[in-house]
Amino acid sequence: MGDLEALAPQLGDALRFHDPIAVDGVPISATITPRDEDDLSAVLEALGEARCAAIPLGAGTQLGLGNAPQRADCFLSLAEFSHVDELDASEGVCHAGAGTPLADLRARAREAGWELPLDDAGRGGTLGGALATAALAPRALGFGRPRDVVLGCEVVLADGLRTRCGGRVVKNVTGYDMAKLYVGSLGALGVITGAWLRLAPKSAAVRVLQSEELDDPHALALGVIAARLATARSCLLSDETRGLRATVELAGESASVEHDAQDLAGRGLRLASPALRDAAAARRFAGLAGAVRFVVSSLPARLAECVMELRGAAAELLVLPGLGLVCARGASADAAALFAVAARAAAAGGGRLLCERAPHDAKRGRDVFAAPPSDAALSRALKARFDPLGVLNRGRFAGRV
Amino acid sequence: MTAALAEHARLIEALEATVGADRCLHRREQLLVYECDGLTLHTADPSAVVFPESRDEVQAIVRACRKQRVPFVPRGAGTGLSGGALANDGAVVIECSRLNRIRAIDPANRIAVVEPGVVNADLSAAARPHGLFYAPDPSSQLACTLGGNVAENAGGPHTLKYGTTTHHVLALELVLPDGSCFELGSATGFAPGFDWVGAVVGSEGTLGIVTAITVRLSPIPESVETLLAIFPDVVSACRAVGMVIEAALVPAALEIVDQRTIRAVEDSVYAAGLPRDAGAILIAELDGPAVALPAQIERVRELCGRAGADRVEIARDEAERQRFWRARKGAFGAMGRLAPDLYVHDAVVPRSALPVVLEKVCEIGDRYGLTLSNVFHAGDGNLHPNISFDRRDPDQLARVMAAGAEILKLCVAAGGVITGEHGVGTEKREFISLVFGDADLEAMQRLRATFDPDRICNPGKIFPTTRFCAESNPKARGYDRVPM
């Protein structure tokens, strides 16, 4: 804190002290709110010189994601980067600042006849947060992963260097695809300040269908089939009283949607209200946070083995068969045991795991990203090139970099 | 024996120790064929060409090169069009054509594991009995290899719907320039941590040598509808493309062929029966559930009519569909009739800028007195202005290069970029600064240095040689932002 206080004259109004907010047990009592990229660049340079560390902050909806910080003196708020700069309806692309609430961006896209293909399951986050965390939610099945939505972005690197990568065009191999490196990197290399995004055509028809409660094998088999339908935008198997219930959202051109809806009806699913599904899915997905939450990936054909490992150890499961993901919730007292079970489940599914949320004492000594040793070695080498002073999210990302 | 010859002899001895003398070429006449890739304008002589058959051999070759401080360059089928496989600085070419096994086709999980020397079209052929295919389909797919596709993030006509290589690669086995080997990504597509696969795909072989690739396979669409629209000029064809995109239709492909190309095709063995006086043709292909396509293709037909099409035909059968595509796929071959050499450019502009940019591209060609034709992925805004010329004529060659530079500047000024699918390579390394400032390139250099601090893996590619030096400019301040 002492170092940060020494910077106060230099930072002026941009620096605000407040009651401590704990991030994985580390109390943070200051927030710096840069006005623009130049300002952010100067702030990062000053933080580096003062050997301070910062955590970039959007809406704060995913602050629990990551390893416990090795040091954190302040938040870096992106609140001033909230603006939709351009929405080109003829092209189906838009540019927005990182602090823009996804809900605002989604509304703007819809007004222009397009769909924002980023789903944060109603978390209420910002564009920058969604990209930095590569947040996955059920509609990633239809929309694609956040990495594939970004055409280009602006990033202020940890040492204050202002950079751009990619562009506004939908096809581009000019230089390295740096955006892939920044998306999902939790701000470990730099702060994303804005991005060009590819929009998706607005669907002419949307149908939501639900199954009865089914036992695991039947639900998983049904889920894999449903998720592979051409118009499946999301497919979610949620834990109910007696088993798993499949909820499938179909979206796209009308004839195809009706065709797929009939297919699902033939498999015993019934039409449900999209509004009800939206609310229910968002509540289930976001609300599954609980005290401890894991995401485990699996190959489709090994999903049942993966679920079998988790069943019993987790208090609740949510399966996204099309994305090959199983979300598992548990109580904080079970955190250590769940780490072990999730690792077994990932091995059974041929996939990887991520601990999205856990009490900070359960995180201690672990890498919540479960990065393999080779990944961790590369991550350390990359971090050393981009952020040798550890200014950004120090210790929080994969490999504890 | 001079010191240089002695060094070369030591290198050959070391390489032969890794793969045997029969898989190591080093005589001048043997190396000639490896002096360039598909871009014949640029040439460089390799020190040797080696043919590994396993990952272990690749590692041994890389270690041998590193020990001798000799750079190396991975090479697939050599079909690249940006000089990406050029053996700059006397590099050793690591020819991956014998790493050509399809290790696994896994229909239940819709993935395949392949080696880098597998030919693109062969993977789709192997997946077809399972109702699956590999979506990225560069025009050279009958020859190009998947390792090369990964290096260049290859696209193709169907990129519009299916995306480029990066959207289909799930995991990689990568030999780093120090000889170590890493498994990157996950066959499930979910790999928390840095997106190493995303960073390596499209890195033009400068971060290491890929020795295995796990790719996603896609289901063969139930139905395909193909439309051919004949326009009085290329501008109205571009207008139709804009209208289709705005109508929120997602065709699998939207390709335009201009008049000069049509005439070249009709004069060749690829003749498709197109009217020689047509200003341009648009090929639109839609795929998906059979129940949906008739209405969609009718909508495209209607939009083409509104954009000014003289005639619109919908393929009645597979033979007719193939005839439509012949004009597109035979275009590059047909241009061999026009001149001994062909320079295929590859820039991208916002789709809405296509009509204006194309008009100016043709003006540039005319101003320099060149034969310039266009055949391109209109749905992606990916232009391929093709200049037919004779490189033996120095004046013509100078005009080709000057016109090419103007075209790239024009596309960047229109909000575009200098390459959409061919890569920067050697060809465009001096032009990358049109798109990116020093700070942007510095960030890329940091990534490169993480993998290859000694810059021995495919040197002389992507980064400009004339004005940028990462070491002397570690913190480029005040770079000029290029409007996007």
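Residues numbered from 1 in each chain as written. Chains lettered and ligands numbered in written order. Predicted model: local features only at pLDDT ≥ 70, side-chain atom pairs only at ≥ 80, totals over all residues. Heavy atoms only, no water.

Undergrad: What's the story with the overall build of chain B in this structure? I'm lost.
TA: Broken down by element type, chain B carries 16 helices and 20 strands. Expressed along its principal axes, the backbone C-alpha trace of chain B runs to roughly 70 × 55 × 50 Å. Every one of the 484 residues in chain B was classed for burial, and the buried ones make up 63%. Roughly 17100 Å² of accessible area belongs to chain B as shown, and the carbon and sulfur atoms make up 51% of that amount. If the 49 positive side-chain charges of chain B are averaged to one point and the 61 negative ones to another, these points end up 1 Å apart. (Helix = DSSP H or I, 4+ residues; strand = E, 2+ residues; numbered from the N terminus. Buried < 20%, exposed > 50% of the residue type's maximum accessible area, 1.4 Å probe, protein only. Areas by Shrake-Rupley, 256 points an atom, 1.4 Å probe, with all protein chains shown as cover. Lys, Arg positive; Asp, Glu negative; His and termini not counted. Charge placed at Lys NZ, Arg CZ, Asp CG, Glu CD.)

Undergrad: Teacher, can you tell me more about the overall build of chain A here?
TA: Looking only at helices and strands, chain A features 14 helices and 19 strands. On C-alpha atoms alone, chain A measures out to a radius of gyration of 21 Å, which is about the 21 Å that the 2.2 N^0.38 rule sets for 401 residues. C-alpha atoms of chain A, sized along the principal axes, occupy 70 × 50 × 40 Å. Expressed as a percentage of contacts within chain A between residues at least 6 apart in sequence, the contacts between residues at least 24 apart total 70%. Counting only carbon and sulfur atoms, one obtains 51% of the accessible surface of chain A, whose full area is about 13700 Å². (Rg over C-alpha atoms; globule rule 2.2 N^0.38 Å. Contact = heavy atoms within 4.5 Å.)

Undergrad: How do you make sense of the sheet that holds strand E9 (residues 181-185) of chain B when you look at a structure like this?
TA: Strands belonging to one sheet form pairs held by backbone hydrogen bonds; the direction of such a pair is parallel or antiparallel. All names here are of chain B. The strand order E5-E6-E10-E8-E9 describes an open sheet built from 5 strands, whose pairing is antiparallel. In this open sheet, the two edge strands, each paired with only one partner strand, are strand E5 (102-106) and E9. Direction aside, the axes of adjacent strands within the sheet are offset by 10° on average. Of the strand pairs in this sheet, strand E6 (residues 111-114) and strand E10 (residues 209-216) are connected by 4 bridges, and their pairing is antiparallel. (Pairing = 2+ DSSP bridges. Axes fitted to C-alpha atoms, helices over the stretch in contact; angles between N-to-C directions.)

Undergrad: Would you mind showing me how to read the packing of helix H8 (residues 216-227) of chain A against helix H11 (residues 303-310) of chain A here?
TA: If you want to describe how two helices pack, look at the angle between their axes and the distance between the axes. Residues and elements named next belong to chain A. Look at H8 against H11: their axes get within 10 Å of each other, and the N-to-C directions meet at 140°. As summarised for this structure, H8 and H11 are arranged oblique, according to the angle between their axes. In terms of crossing hand, the pair formed by H8 and H11 is right-handed. Taking contact as the criterion, the partners of Asp-216, Leu-220 and Val-224 in H8 are, on H11, Leu-303, Ala-304 and Val-307. Class assignment for the residues of the contact of H8 with H11 results in 5 nonpolar, no polar and 1 charged. (Parallel < 35°, antiparallel > 145°, perpendicular 65-115°, else oblique. Left-handed = near helix turned anticlockwise from the far one by under 90°. Nonpolar A, V, L, I, M, F, W, Y, C, P; charged D, E, K, R; others polar.)

Undergrad: Explanation requested: the sheet that holds strand E8 (residues 150-157) of chain A in the structure shown.
TA: All names here are of chain A. Here 5 strands make up an open sheet; going across it, the order is E5-E6-E10-E8-E9 and the pairing antiparallel. Two strands close off the open sheet at either side, each with one partner strand: strand E5 (84-88) and strand E9 (162-166). Neighbouring strand axes in the sheet, compared pairwise and without regard to direction, differ in orientation by 15° on average. Here E8 pairs with strand E10 (residues 190-198) via 7 bridges, running antiparallel. If you follow Cys-153 over to E10, its bridge partner there is Ala-195.

Undergrad: What is the right way to look at the pattern of salt bridges in this model?
TA: Pairing between side chains of opposite charge can happen when their charged atoms approach one another. Scanning all chains against the criterion turns up 64 salt bridges over all chains. Among the ionic pairs, Arg-168 of chain A bridges to Asp-88 of chain A, the shortest N-O distance being 3.1 Å. Separated by 80 residues along the polypeptide, Arg-168 of chain A in the loop between E9 and helix H7 (178-182) and Asp-88 of chain A in strand E5 bring together distant segments of the chain. Assessed through its relative accessible area of 14%, Asp-88 of chain A is described here as buried. Across the pair Arg-316 of chain B and Glu-320 of chain B runs a salt bridge whose closest N-O atoms are separated by 3.0 Å. Assessed through its relative accessible area of 72%, Arg-316 of chain B is described here as exposed. (Salt bridge = Lys/Arg side-chain N within 4 Å of Asp/Glu carboxyl O.)

Undergrad: Any chance you could explain the interface of chain B and chain A here in plain terms?
TA: It is common to report an interface's size as the accessible area lost on association of the parts. At the junction of the two partners, chain B supplies 85 residues and chain A supplies 75 residues. Together chain B and chain A conceal approximately 6700 Å² of surface at their shared face, both sides included; 60% is due to carbon and sulfur atoms. Salt-bridge contacts for Asp-380 of chain B lead to Lys-171 of chain A; the nearest nitrogen and oxygen are separated by 3.6 Å. Applying the counting criterion to the chain B and chain A interface returns 18 residue pairs in polar contact (both at pLDDT 80 or more). Elements with a contribution of two residues or more to the side of chain B that touches chain A: E9, helix H7 (196-200), helix H8 (234-246), helix H15 (432-435) and helix H16 (438-451) of chain B. The dominant element in the side of chain B that touches chain A, judged by the number of residues it contributes, is H16 of chain B, at 11 residues. Taken together, the residues that form the side of chain B that touches chain A break down as 41 nonpolar, 27 polar and 17 charged. (Buried area = accessible area lost by both parts, 1.4 Å probe. Polar contact = N/O pair within 3.5 Å; in protein donor to acceptor, adjacent residues only side chain to side chain.)

Undergrad: What is the right way to look at the packing of aromatic side chains in this model?
TA: When we look at a pair of aromatic rings, we describe it by the centre distance and by the angle of the planes. The final tally for this structure, using the stated rule, is 8 aromatic pairs over all chains. On the numbers, 5.6 Å between centres and 85° between planes, the contact of Phe-133 of chain B with Tyr-162 of chain B is edge-to-face. Within this pair, whereas Phe-133 of chain B is found in strand E7 (residues 132-133), its partner Tyr-162 of chain B is found in helix H6 (residues 159-162), the two being separated by 29 residues in sequence. With respect to class, Phe-133 of chain B is no different from Tyr-162 of chain B; both count as buried. Feature note: the residues Phe-369 and Phe-397 of chain A together with Phe-194, Trp-196 and Phe-451 of chain B constitute an aromatic cluster, connected by ring pairs. Stacked on the ring of Phe-339 of chain A, the Lys or Arg Arg-366 of chain A has its end atom at 4.2 Å from the ring centre. The ring of Trp-325 of chain B carries Lys-329 of chain B above its face, with NZ or CZ at 5.4 Å from the centroid. (Phe/Tyr/Trp six-rings, centres within 6.5 Å; stacked < 30°, edge-to-face > 60°. Lys NZ or Arg CZ within 6 Å of the ring centre and 35° of its normal.)

Undergrad: Would you explain the environment of Pro-74 of chain B in this entry?
TA: Relative to the elements of secondary structure, Pro-74 of chain B occurs in strand E3 (residues 72-75). Residues Pro-74 of chain B and Ile-61 of chain B, spaced 13 residues apart in sequence, show a C-alpha to C-alpha distance of 11 Å.

Undergrad: Before we go on, may I ask you to explain the side chain of Asp-341 of chain B in this structure?
TA: Checked against the element boundaries, Asp-341 of chain B lands in strand E16 (residues 341-344). Residue class for Asp-341 of chain B comes out buried when judged on its relative accessible area of 11%.

Undergrad: Sorry if this is basic, but what is going on with helix H4 (residues 120-127) of chain B here?
TA: Residue and element names in this part refer to chain B. Turning to H4, its buried residues number three or more, namely Asn-120, Ala-121, Leu-123, Ser-124 and Ala-127. Seen along its axis, H4 keeps its buried residues to an arc of 155°; they face one direction. The elements touched by buried residues of H4 are E5, E6, E7, helix H5 (146-152) and E10. (Arc of directions from axis to C-beta.)

Undergrad: Help me out: how do you make sense of the confidence of the model for chain B in this one?
TA: Close reading of the predicted structure is inappropriate where its pLDDT is low. The predicted model of chain B has a mean per-residue pLDDT of 93, with 96% of residues at 70 or higher. Here the complex is predicted with pTM 0.95, and the ipTM for its interfaces comes to 0.96. (pLDDT = per-residue confidence, 0-100.)

Undergrad: I would appreciate a short explanation of the nonpolar core in the present structure.
TA: Nonpolar side chains in soluble globular proteins tend to be buried together. Met-178, Tyr-182 and Leu-197 of chain A together with Ile-256 and Cys-304 of chain B are the most contacted members of the largest nonpolar core, which has 192 residues in total. For this core, the element with the highest residue contribution is H8 of chain B, accounting for 8 residues. Setting aside residues up to four positions removed in sequence, Met-178 of chain A forms contacts with Cys-165 and Phe-386 of chain A together with Ala-443, Met-444 and Leu-447 of chain B. Leu-4, Ala-14, Ala-46 and Ala-50 of chain A belong to the second largest nonpolar core, which has 25 residues in total. (Core = buried A, V, L, I, M, F, W, Y, C linked by side-chain atoms within 4.5 Å.)

Undergrad: When you look at the state of the cysteines in this model, what are you seeing that I'm missing?
TA: Residue and element names in this part refer to chain B. Within the structure shown, the criterion is met by 0 disulfides over all chains. For Cys-96, which is in no disulfide, the shortest distance to another cysteine sulfur is to Cys-457 and amounts to 10 Å. With no disulfide of its own, Cys-411 has Cys-362 as its nearest cysteine by sulfur position, at a separation of 12 Å. When its relative accessible area of 0% is taken as the criterion, Cys-411 is described as buried. (Disulfide = S-S within 2.5 Å.)

Undergrad: Before we go on, may I ask you to explain a negative patch on the surface in this structure?
TA: Residues and elements named next belong to chain B. Side chains of Asp-233, Asp-277, Asp-310, Glu-359 and Glu-363 sit close together on the surface and give a patch of like negative charge. By the element assignment, Asp-233 lies in the loop between strand E12 (223-231) and H8. Of the residues examined, Asp-233 reaches a relative accessible area of 32% and is grouped as partly exposed. (Patch = residues over 30% accessible without salt bridge, like charges linked within 9 Å, V, L, I, M, F, W, Y side chains within 5 Å.)

Undergrad: Honestly, unusual backbone geometry in this entry has me stumped. Any pointers?
TA: In terms of backbone geometry, most residues other than glycine have negative phi values and most peptide bonds are trans. Residue and element names in this part refer to chain B. In the Ramachandran plot, Asp-89 falls in the positive-phi region, its phi being about 55° despite a non-glycine side chain. Considering the arrangement of structural elements, one finds Asp-89 in the loop between E3 and strand E4 (92-95). Overall, the relative accessible area of 62% leaves Asp-89 in the exposed class. The residue Asn-153 is not glycine, and still its phi comes out positive at about 50°. If you trace the backbone, Asn-153 turns up in the loop between H5 and H6. Accessibility expressed as a relative area gives 6% for Asn-153, which makes it buried.

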